Amino acid sequence: MGLKINNLSGGYAGNNVLKNITFDVPDGKIVALIGLNGAGKSTTVNHVIGELQPQMGSICLNGTNIVSEPTMFKSQIAYIPEQPILYDELTLGEHLHLMLAAHDIDNETSWTRVASLLTLFRLENKLNWLPIHFSKGMRQKVMLVSAFMLNAPLLIVDEPFLGLDTLAQRDVIQLIQEQARLGNSILITTHLLASAASFVDQFVVLYEGKVRFVGSPSELAEENQLSVNNLDELFDLMQRELANEG
Ligand SMILES: Nc1ncnc2c1ncn2[C@@H]1O[C@H](COP(=O)(O)OP(=O)(O)OP(=O)(O)O)[C@@H](O)[C@H]1O
């Protein structure tokens, strides 16, 4: 089933940003939400993580509605925000244990996976460190470990490559693909279309708070008379269109 967003309208008090958004992130699929600055990507994500209330429409994850069963809905999500959020007073080890407990995951059985993620991101010797000792990239990697260790039915990654070196970017793509192989749904937001085209199943293009296109990378390229390798030019096309509407 996965994530189903149906006719969602919403946004902030006094600012209706999203208009009748409909798209799915099926089980085992990777979907990238794309669009110009201000198109509504973060607002959509904020609705899916339950930070904003829908004005109209519905958001369901594997049959659970976000409005009627918010706790059940949220327990199925792992979210990697664009800006790392860490508790200043908790060590890395304490942070991970807290996240596992919050998702009702047994420490004993899951720690082998946590340990391999810590090794992958070279954090295995830093379990006693406090966030203040981490660099920006390391903080981002802590968020990655915290999310990937959960194996959640829905993984949301806001700008997965921000602040990561190329090795870590490659690792993140592999981890996202592994989550998809496990049957989990993955929703990412990105500005790097050509890079995303190599591993996403579908793009959802947002334009001024509306869904303009849903389809595969090659369908998106074809629709805009571009090649998949120069999909980033789509932003120039949309920017020009916006300026003409001016
Ligand atoms: N807290 C807020 N209160 C009111 N309006 C907001 C708030 N946050 C964002 N907006 C507005 O919502 C619209 C969509 O913003 P959103 O952050 O969803 O865009 P985005 O596609 O994520 O852009 P970016 O690529 O810059 O991250 C914009 O017009 C923005 O000004």
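Because the structure is predicted, anything quoted here is derived from the model rather than measured.

Conventions we followed
- Residues numbered from 1 in each chain as written.
- Predicted model: local features only at pLDDT ≥ 70, side-chain atom pairs only at ≥ 80, totals over all residues.
- pLDDT = per-residue confidence, 0-100.
- Helix = DSSP H or I, 4+ residues; strand = E, 2+ residues; numbered from the N terminus.
- Core = buried A, V, L, I, M, F, W, Y, C linked by C-beta atoms within 7 Å.
- Buried ≥ 20, exposed ≤ 12 C-beta atoms within 10 Å, placed from the backbone.
- Contact = placed C-beta atoms within 7 Å.
- Near = placed C-beta within 6 Å.
- Nonpolar A, V, L, I, M, F, W, Y, C, P; charged D, E, K, R; others polar.
- Pairing = 2+ DSSP bridges.
- Arc of directions from axis to C-beta.
- Axes fitted to C-alpha atoms, helices over the stretch in contact; angles between N-to-C directions.
- Parallel < 35°, antiparallel > 145°, perpendicular 65-115°, else oblique.
- Left-handed = near helix turned anticlockwise from the far one by under 90°.

*Asks:* Could you clarify how one ought to interpret the confidence of the model for the protein chain in this entry?
*Replies:* Detailed reading of predicted coordinates is not advised where the pLDDT is low. Averaged over all residues, the pLDDT of the protein chain equals 94, while 100% of them reach at least 70. Highest mean pLDDT in the protein chain belongs to strand S3 (residues 30-34) (98); lowest belongs to helix H4 (residues 107-120) (89).

*Asks:* What should I look at first to understand the nonpolar core in this one?
*Replies:* One recurring pattern in soluble globular proteins: nonpolar side chains tend to sit buried together. If you look at the biggest cluster of nonpolar residues, it comprises 61 residues, and the most contacted ones within it are Val145, Ala147, Ile156 and Leu187. Top contributing element to this core by residue count: helix H5 (residues 136-148), with six residues. Ignoring sequence-local partners within four residues, the contact set of Val145 consists of Leu96, Val114, Leu117, Leu118, Phe121 and Leu123.

*Asks:* Help me out: how do you make sense of the site of the ligand in this one?
*Replies:* In the vicinity of the ligand, the residues found are Tyr12, Asn15, Val17, Gly35, Asn37, Gly38, Ala39, Gly40, Lys41, Ser42 and Thr43. Where the shell around the ligand is concerned, the elements lending two or more residues are strand S2 (15-25) and helix H1 (41-48). In terms of residue count, H1 provides more of the shell around the ligand than any other element does, three residues in total. Looking at the shell around the ligand residue by residue, the classes come out as three nonpolar, seven polar and one charged.

*Asks:* Can you help me understand the pairing of strand S10 (residues 210-215) in this one?
*Replies:* As a general feature of sheets, a regular strand has side chains that alternate between the two faces. Where strand S9 (residues 202-207) lies against S10, five bridges are found, and the strand directions are antiparallel. Bridged to Tyr207 within S10 is Lys210. Following S9, the chain reverses through two residues before pairing antiparallel with S10; Glu208 in that reversal takes a positive phi of roughly 50°.

*Asks:* Can you help me understand H1 in this one?
*Replies:* By the criterion of burial, H1 is predominantly enclosed, with six of the eight residues buried. After H1 finishes, the residue Gly50 shows a positive phi value of roughly 85°.

*Asks:* Mind showing me how you'd approach helix H3 (residues 92-102) here?
*Replies:* Three or four residues apart is the spacing at which side chains of an α-helix point the same way, because the helix has 3.6 residues per turn. Within the span of H3, buried status applies to Leu92, His95 and Leu96. Burial along H3 is one-sided: seen end-on, the buried residues are contained in an arc of 95°. As for H3, its buried residues are in contact with H4 and H5. Positive backbone phi, approximately 60°, marks Asp104, located one or two places after H3.

*Asks:* Could you clarify how one ought to interpret the sheet that holds strand S1 (residues 3-12) in this entry?
*Replies:* Consider a sheet: its strands pair through backbone hydrogen bonds, and that pairing is either parallel or antiparallel. The strand order across the open sheet built from four strands is S2-S1-S4-S5, with neighbouring strands paired in antiparallel fashion. Every other strand in the sheet has two partners, leaving S2 and strand S5 (64-65) as the edge strands with one partner each. Looking at chain direction, S1 and S2 are connected through seven bridges and run antiparallel. Paired with Lys4 across the two strands is Asp24, which belongs to S2.

*Asks:* Explanation requested: the sheet that holds S3 in the structure shown.
*Replies:* Across the sheet, which stays open at both edges, the six strands sit in the order S6-S7-S8-S3-S9-S10 with mixed pairing between neighbours. Here the strands that pair on one side only, and so sit at the sheet edges, are strand S6 (77-80) and S10. Strand-to-strand twist across the sheet, computed as the mean angle between neighbouring axes with direction ignored, equals 15°. Helix H6 (residues 166-181) contacts S3, strand S7 (154-158) and strand S8 (185-189) of the sheet and is inclined by roughly 145° relative to S8.

*Asks:* I'm lost on the packing of H3 against H5 in this one. Help?
*Replies:* The description of two helices packed together rests on the angle between their axes and the distance between the axes. Interaxial distance between H3 and H5 falls to 10 Å at its minimum, and their mutual angle equals 30°. Comparing their axes, H5 and H3 come out roughly parallel. In this structure, H3 crosses over H5, and the sense of that crossing is right-handed. Of H5, the residues touching H3 (which contributes Leu92, His95, Leu96 and Met99) are Val142, Val145 and Ser146. Looking at the contact of H3 with H5 residue by residue, the classes come out as five nonpolar, two polar and no charged.

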